[in-house]
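Take a look at the letters that make up each chain.
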Amino acid sequence: MNPIPSAIERAGDWLLSECSPKVDKAKPTSKLYYSLGLSITSSFTSRVTPTEVGQIILSNIAVVVERERDRLSIRDIILALLACRYARNSGTIKIGPLVQLLQAATKLVIEKTKPDPCDVYLSQLLLEMNGRVPRREEMLGSRQQLLSELAATFSQRKNPLDISKDELLIFCKYVFALTEFGTKSTPTQSGLHNTVQYLRYLTFYHTKNRDIDLVCPLLLALKYLGAEGCWEYSSATEYLLNSQNQDGSFGLYEIELYLDSLAKDDVRNRIEDIYLPVTVLASWSLATLIGKVNVI
Amino acid sequence: MKSERVRSFESKAVSWIRNNLERFNPLRRNTFDAIMGDLKAMCELLFLCSLKKESNPSGLPRDYRMIVESLYNNVFCKPAYQELIIRRPDTILHMLAYISFRACGYEHAWYRQRLERVLATGYPLQIERLPHRNMDLSLMIEKGGFDIPFPSPESFFEQTLLARHPNIYYLNEADVYAITHTIFYYTDFKQRGNMLPSSDHHYLKKALPSLLAFYIRQGNWDLVGELLICLIILDISSDVFISELYDLGWNCFLGAQDAEGWIRGPQFLPEEYARITAAEDKAEYAFAKNYHTTIVGLIAVAMCDLSDLILNSEGRRT
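Residues numbered from 1 in each chain as written. Chains lettered and ligands numbered in written order. Predicted model: local features only at pLDDT ≥ 70, side-chain atom pairs only at ≥ 80, totals over all residues. Heavy atoms only, no water.

## Quick look at the overall build of chain B
Each helix and strand in chain B was counted, giving 14 helices and zero strands. The linear arrangement of helices and strands in chain B, starting from the amino end, is α-α-α-α-α-α-α-α-α-α-α-α-α-α. Relative to the 2.2 N^0.38 estimate, which gives 20 Å for 318 residues, the radius of gyration of chain B is 19 Å and therefore close to what a compact globule would have. A principal-axis box enclosing the C-alpha atoms of chain B has dimensions of 55 × 50 × 45 Å. Each of the 318 residues in chain B was classed as buried or not, and the buried ones make up 55%. Long-range contacts, defined as pairs at least 24 residues apart, comprise 73% of the intrachain contacts of chain B with a sequence gap of at least 6. Accessible surface for chain B amounts to roughly 14000 Å². Of this, 50% is attributable to carbon and sulfur atoms. Separation between the mean location of the 35 positive side-chain charges and that of the 39 negative ones in chain B comes to 3 Å. (Helix = DSSP H or I, 4+ residues; strand = E, 2+ residues; numbered from the N terminus. Rg over C-alpha atoms; globule rule 2.2 N^0.38 Å. Buried < 20%, exposed > 50% of the residue type's maximum accessible area, 1.4 Å probe, protein only. Contact = heavy atoms within 4.5 Å. Areas by Shrake-Rupley, 256 points an atom, 1.4 Å probe, with all protein chains shown as cover. Lys, Arg positive; Asp, Glu negative; His and termini not counted. Charge placed at Lys NZ, Arg CZ, Asp CG, Glu CD.)

## Details of the overall build of chain A
When helices and strands are tallied, chain A shows 13 helices and zero strands. Starting at the N terminus, the α and β elements of chain A follow one another as α-α-α-α-α-α-α-α-α-α-α-α-α. For chain A, the C-alpha radius of gyration of 19 Å lies close to 19 Å, the compact-globule estimate for 296 residues. C-alpha extents for chain A along the principal axes are approximately 50 × 45 × 45 Å. Looking at chain A residue by residue over its 296 residues, the buried ones come to 55%.

## A short note on helix H6 (residues 117-129) of chain A
All names here are of chain A. Its 13 residues place the ends of H6 18 Å apart at the C-alpha level, agreeing with the 18 Å of an ideal helix rising 1.5 Å per residue. The buried fraction of H6 is high, at 12 of 13 residues. Where H6 is concerned, the buried positions are Pro-117, Cys-118, Asp-119, Val-120, Tyr-121, Leu-122, Ser-123, Gln-124, Leu-125, Leu-126, Leu-127 and Met-129. Looking one or two residues past H6, Gly-131 carries a phi angle of roughly 95°, positive in sign. (Expected span 1.5 Å × (residues − 1).)

## Focus: the interface of chain B and chain A
Contacts between chain B and chain A engage 18 residues on the former and 22 residues on the latter. Together, the buried faces of chain B and chain A total about 1800 Å²; carbon and sulfur atoms form 61% of this surface. Applying the counting rule to chain B against chain A returns zero salt bridges. For the pair chain B and chain A, the number of links is five residue pairs in polar contact (both at pLDDT 80 or more). Elements with a minimum of two residues in the side of chain B that touches chain A: helix H10 (198-218) and helix H12 (243-255) of chain B. Examining the composition of the side of chain B that touches chain A, we find that nine residues originate from one element, H10(B), more than from any other. (Buried area = accessible area lost by both parts, 1.4 Å probe. Salt bridge = Lys/Arg side-chain N within 4 Å of Asp/Glu carboxyl O. Polar contact = N/O pair within 3.5 Å; in protein donor to acceptor, adjacent residues only side chain to side chain.)

## Description of the pattern of salt bridges
As enumerated under the stated definition, the model contains 34 salt bridges over all chains in all. Two residues, Glu18(A) and Lys22(A), come together in a salt bridge whose shortest N-O distance is 3.3 Å. The exposure class assigned to Glu18(A) is partly exposed, which follows from its relative accessible area of 29%. With relative accessibility at 44%, the residue Lys22(A) sits in the partly exposed group. We note a salt bridge from Arg23(B) to Glu280(B), for which the minimum N-O separation is 2.9 Å. Taken together, the residues Arg23(B) in the loop between helix H1 (4-19) and helix H2 (32-55) and Glu280(B) in helix H14 (residues 279-317) connect sequence positions 257 residues apart. Classification of Arg23(B) as buried rests on a relative accessible area of 11%. Connected through salt bridges with shared partners, the residues Arg23(B), Arg28(B), Arg29(B), Asp38(B), Glu280(B) and Glu284(B) form a single ionic network.

## With respect to the environment of Ala105(A)
Residue and element names in this part refer to chain A. With respect to the helices and strands, Ala-105 occurs in helix H5 (residues 96-113). Taking C-alpha positions, Ala-105 is 37 Å from Glu-254, a pair spaced 149 residues apart along the chain. Once residues within four sequence positions are removed from consideration, Ala-105 is found in contact with Val-65, Arg-69, Leu-72 and Ile-77.

## Details of the packing of H2(B) against helix H5 (residues 93-103) of chain B
All names here are of chain B. At a minimum axis distance of 8 Å, the contact between H2 and H5 shows a crossing angle of 30°. In terms of orientation, H2 and H5 fall into the roughly parallel class. Helix-helix and strand crossings are classified by hand; for H2 and H5 the assignment is left-handed. Residues Met-36, Leu-39, Lys-40, Met-42, Cys-43, Leu-46, Phe-47, Ser-50 and Lys-53 of H2 touch H5, and the partners they reach there are Leu-93, His-94, Leu-96, Ala-97, Ser-100, Phe-101 and Ala-103. (Axes fitted to C-alpha atoms, helices over the stretch in contact; angles between N-to-C directions. Parallel < 35°, antiparallel > 145°, perpendicular 65-115°, else oblique. Left-handed = near helix turned anticlockwise from the far one by under 90°.)

## Description of the packing of aromatic side chains
One pair of aromatic rings is described through two measures. These are the centre distance and the angle between the planes. Considering all chains together, one arrives at 37 aromatic pairs over all chains under this definition. Look at Tyr72(B) and Phe101(B): their rings are 5.4 Å apart centre to centre, the planes differ by 75°, and that puts the pair in the edge-to-face class. Of the two residues, Tyr72(B) sits in helix H3 (residues 62-76) while Phe101(B) sits in helix H5, which places them 29 residues apart along the sequence. Each of the two residues, Tyr72(B) as well as Phe101(B), counts as buried. Following the ring pairs from residue to residue traces out a cluster consisting of Tyr72(B), Phe76(B), Tyr81(B), Tyr98(B), Phe101(B), Tyr106(B), Tyr111(B) and Phe146(B). It is Arg112(B) that lies over the ring of Phe146(B); its NZ or CZ is 4.4 Å from the centre. Across the ring face of Tyr205(A), the terminal group of Arg217(B) is positioned such that the distance to the ring centre comes to 4.7 Å. (Phe/Tyr/Trp six-rings, centres within 6.5 Å; stacked < 30°, edge-to-face > 60°. Lys NZ or Arg CZ within 6 Å of the ring centre and 35° of its normal.)

## Things to note about unusual backbone geometry
Even without being glycine, Arg210(A) reaches a positive phi, approximately 60°. Mapped onto the elements of the fold, Arg210(A) is located in the loop between helix H9 (196-208) and helix H10 (212-224).

## A closer look at the confidence of the model for chain B
Reading predicted coordinates in detail is not appropriate for stretches of low pLDDT. Averaged over chain B, the pLDDT score is 93; the fraction of residues at 70 or greater is 97%. Here the prediction assigns the complex a pTM of 0.89, and the interface score ipTM is 0.83. (pLDDT = per-residue confidence, 0-100.)

## Details of the environment of Tyr275(A)
All names here are of chain A. Relative to the helices and strands, Tyr-275 resides in helix H13 (residues 270-290). A relative accessible area of 5% places Tyr-275 in the buried class. Residues Tyr-275 and Gly-251, 24 residues apart in the sequence, show an inter-C-alpha distance of 6.5 Å. Non-local contacts of Tyr-275, meaning those with residues more than four positions away in its chain, are made with Trp-14, Asn-245, Ser-249, Phe-250, Gly-251, Tyr-253, Glu-254, Leu-257 and Arg-270. Side chain to side chain, Tyr-275 and Glu-254 meet in a polar contact 2.5 Å long.

## So, the environment of Phe32(B)
Residue and element names in this part refer to chain B. Positionally, Phe-32 belongs in helix H2. The sequence separation of Phe-32 and Asp-136 amounts to 104 residues, and the corresponding C-alpha distance is 25 Å. Beyond its immediate chain neighbours, meaning those up to four positions away, Phe-32 contacts Leu-84, Arg-87 and Arg-88.

## Focus: the nonpolar core
Of all hydrophobic cores here, the largest spans 220 residues; its most connected members are Ile61(A), Phe181(A) and Phe189(B). The element that contributes the greatest number of residues to this core is H14(B), accounting for 14 residues. Once residues within four sequence positions are removed from consideration, Ile61(A) is found in contact with Leu32(A), Ser35(A), Ala80(A), Ala83(A), Cys84(A), Leu98(A) and Leu102(A). (Core = buried A, V, L, I, M, F, W, Y, C linked by side-chain atoms within 4.5 Å.)

So, in structure tokens, the structure goes:
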């Protein structure tokens, strides 16, 4: 029996039992993570109806977008749009007005914060996936820009293994954008497919180092590049499943939290700052791996 | 991989060793324990020289010959050194030094007799060791032509970690060293002409490249060097999916060479090194932390030559 659906179901139950009671007072980004997590896991859990889930998601995102409009980052926008896209899968939620709100917020964030082209592209792509009419010409231009940036930044590295965590996350984002979440093949000149072998080595490296926050995007990147047949992919999936806790959350952080608590006053919120983002990322990766839900 | 860069690395590294040759002399120390602690550096250097001789049909190159000659006269022939085997018969380093000198053409009849007497007590053979260390001992008994019963190197293979095909995600550094050393001693650095069983070969074709990539990323040049040697021994460095990584490994390894000639070892801390002001202390720190990795690099170079030599002689035979 495939253990992934039940793992996602347990993650969904954790979101409902641990996070739901606290979400009203949570930070805006945590509200968005929570919404994304619920929208992904709702197809796997029977504890709430799709309509209930839809309402929870819509209200959380709407609250954030309306109240925090001036403080939103492009990452928040992407999280919100991803949540909306997954929520649409259930078919019972009307998200048109919310997406319209998000479109306006996206424009504002882009004007105000000048995010990197990859984030802009992802936000435009997700708006399109959420039913907004795309500005194809603009997107085509951005795609070309992304391709040349990718070629300049990553494909011509002397040592492709010498890449920082932040750079690797950006690289994964490029893969998400250029493959349009695995639905488009990438042009040869992007050099993306030449990097698959190194992506496999890096997946091995971060799985061995137990960097769950990197293993998740790397798994998605491998999947979107069509490399899910490699052994690094299945081992990383196994590792991800092994890092689920008894309560359903993902991530092995208890030793570090314990040691931090001995050394200093830990100001981090264990759910919002640690387990929530990782559990949502892990659920997203696992759900995508089995193909039951996808952005598209 | 016989580029100018590799030759330049070799020349600089050997020159650094020659400039620091006195540091390879365990008798420079003033306590018994410190002398024993320093034996390893000399023995590894001697082993490198013996391998270099095997890889050079025209004999030991001049720089290496001078190293061996110096250590033979200034260490091996000294009564203080020759007494160590009686005092500490538990270590196989005495054997390694003797076998290496012998391979380089330096025999010492009296020391051999002493070694034979110590081996005849049985004690050095009875000590509990890791399986790959027993392989090493068995190999040395075989190479030294000692007439004492001891299992063959192959017979220890089943007890090694490698034979169990461990999940590479869980391997720690000591485990990876155990695997590289098993490959070294099972094949006697490619000189035994034997092959690992095909299932182990298959396992290693998957495990070694991933581990090599892992340690390249980590900047552990010691293990990068050892893994490159393993790829050469197993003749898989030119495989389609491995050759690019193999070249990358070499490039990174050579890039880790300091202007003085040494390669940065895993225990070397640049900040600590920078804080040391006295020239002698600086040189001693660089030696202690980096000699092993530098020798590993030179062994890899010798292995490239040896591999070519074997390939050519096989080509001629066919």
